[in-house]
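What follows is each chain in one-letter form.
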Amino acid sequence: MASVKLTDVKKVYDNNVTAVHDFNLEIKDKEFVVFVGPSGCGKSTTMRMIAGLEDISGGTVEIDGVVVNDLQPKDRDIAMVFQNYALYPHMTVYDNIAFSLRLKKMPEDEIYEKVTSAAEVLGITEYLTRKPRALSGGQRQRVAIGRAMVRESKVFLMDEPLSNLDAKLRNQMRAEIILLRQKLNTTFIYVTHDQTEAMTLGDRIVIMHDGFIEQVGTPMEVFEMPQNVFVAEFIGAPKMNLMETQLEVSGDKYYVRPFGAKIEVSGSKAEELRKKGIGSRSVLLGVRPEHMTLADANATDAIPCKLEVNEMMGSELHLHVYTEDETRLIVRVPTINLTAEQRRSLVYGAKLYITFEGKVMHFFDKESQKNLIYGK
């Protein structure tokens, strides 16, 4: 087990393209940290620099207090699980898992004990004599994890390990990784483009975009306190609704006026705006789809809109609506709250009224796109 520290780490390729810009992060011993972001944001490149599979163009990487910039991957005491499993097709499952231990000249009785123990934890004992081609994708991924487990390394690196699996198997393997983490009790660095994986697995999440860190925080922090528009839209599904509107101050109260409605800002959001001395101004107003509700047509806080798409998601509906100025919004409505007549009325072109509470709003500067309350 070990801490990992990255100081001003950057990666510049031969064509002068910078893939990672001044990456600074300290990962505590036994912490599970997830790098998440869209394709091409630099998350896998950063992990490969930690592993020693990519040269570091600048800065330092420390593992357990030792700078490892010039150490070979085999000397960094890390274990890595790849997206494509990287199993030896001519070897049995047992031999695949045992391979690194045999390279270390470990006695066969110790190898047997480690391999069978890992196989039992991962539920693949019955497959030890099979070859990878006889296994499903999920079983192959367990073998790859087992091969990393037996090395008992200081740091466990996982590069999009579930991306090749179908949705059902991904959910199952995600739960198994959570259990595995509890059993191994080691330092994990996990790369994914899937924000659901990031939210469910990580102690902290590092959100990346175009080679930069956009925000680092716990799952709850990045969801409830996004520092900018990119984080706000990336975390959460469907993504946060954004509306151009006016933030108004009247006495000690704040109001917004989206699409003709008047809604008072309440709770901690109003208090934070007061503390920061923010006055009346144009803003990008953010509200998550799950925080929007259907409203009465006569209410002062009701926003008129028309229904464009109704997605039936089982326990809820995703209503895609557009306002009078063609702004598109998404509203998540629990089906349990709807009568049969209401469900039948939710068809293309139906006129609806929506609203939201004053405590669920996020306010972003239109130019910098930083959160007026939490932005840095």
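Residues numbered from 1 in each chain as written. Predicted model: local features only at pLDDT ≥ 70, side-chain atom pairs only at ≥ 80, totals over all residues. Heavy atoms only, no water.

**Student:** Run through the nonpolar core, naming residues and quoting values.
**Tutor:** Counting residues in each nonpolar core, the largest one holds 48 residues, and the members touching the most others are I97, I124, I145, F156, M158, Y190 and I207. Setting aside residues up to four positions removed in sequence, M158 forms contacts with M47, V81, I145, I177, F188, I189, Y190 and V191. In this structure, L247, A261, I278 and V331 belong to the second largest nonpolar core, which totals 36 residues. (Core = buried A, V, L, I, M, F, W, Y, C linked by side-chain atoms within 4.5 Å. Buried < 20%, exposed > 50% of the residue type's maximum accessible area, 1.4 Å probe, protein only. Contact = heavy atoms within 4.5 Å.)

**Student:** Which residues make up the pattern of salt bridges, and what values go with them?
**Tutor:** Side chains that differ in sign of charge can pair as their charged atoms come close. Evaluated as defined, the whole model comprises 20 salt bridges. Notably, a salt bridge pairs E54 with R48, separated by 3.7 Å at the nearest N-O pair. Since its relative accessible area comes to 17%, E54 is described here as buried. A salt bridge links D64 to K154; the nearest nitrogen and oxygen atoms lie 3.2 Å apart. (Salt bridge = Lys/Arg side-chain N within 4 Å of Asp/Glu carboxyl O.)

**Student:** An account of helix α3 (residues 108-122) is needed here, citing residue identities and associated values.
**Tutor:** With 15 residues, α3 should reach 21 Å at 1.5 Å per residue; the first-to-last C-alpha distance of 21 Å fits that figure. Taken as a whole, α3 has its buried residues at I111, V115, A118, A119 and L122. Projected down its long axis, α3 shows its buried positions confined to an angular sector of 100 degrees, all on one face. Seen from the buried face of α3, the exposed residues on the opposite side, beyond 90 degrees, are D109, Y112, E113 and E120. A positive backbone phi angle near 70 degrees is found at G123, which sits one or two residues after α3. (Helix = DSSP H or I, 4+ residues; strand = E, 2+ residues; numbered from the N terminus. Expected span 1.5 Å × (residues − 1). Arc of directions from axis to C-beta.)

**Student:** Could you give an account of the sheet that holds strand β11 (residues 241-250), with specific residues and numbers?
**Tutor:** On the basis of which strands lie adjacent, the open sheet formed by five strands has the order β13-β12-β11-β14-β20 and antiparallel pairing. Single-partner strands in this sheet number two, and they are β13 (263-264) and β20 (362-364). Examined bridge by bridge, strand β12 (residues 253-256) and β13 share two bridges and lie antiparallel to one another. Paired with Y255 across the strands is E264, a residue of β13. (Pairing = 2+ DSSP bridges.)

**Student:** Run through the environment of E367, naming residues and quoting values.
**Tutor:** Relative to the helices and strands, E367 resides in the segment after β20. Owing to a relative accessible area of 73%, E367 belongs among the exposed residues under this scheme. In sequence terms E367 and M173 are 194 residues apart; their C-alpha atoms lie 41 Å from each other.

Shape descriptors only; they carry no functional weight alone.
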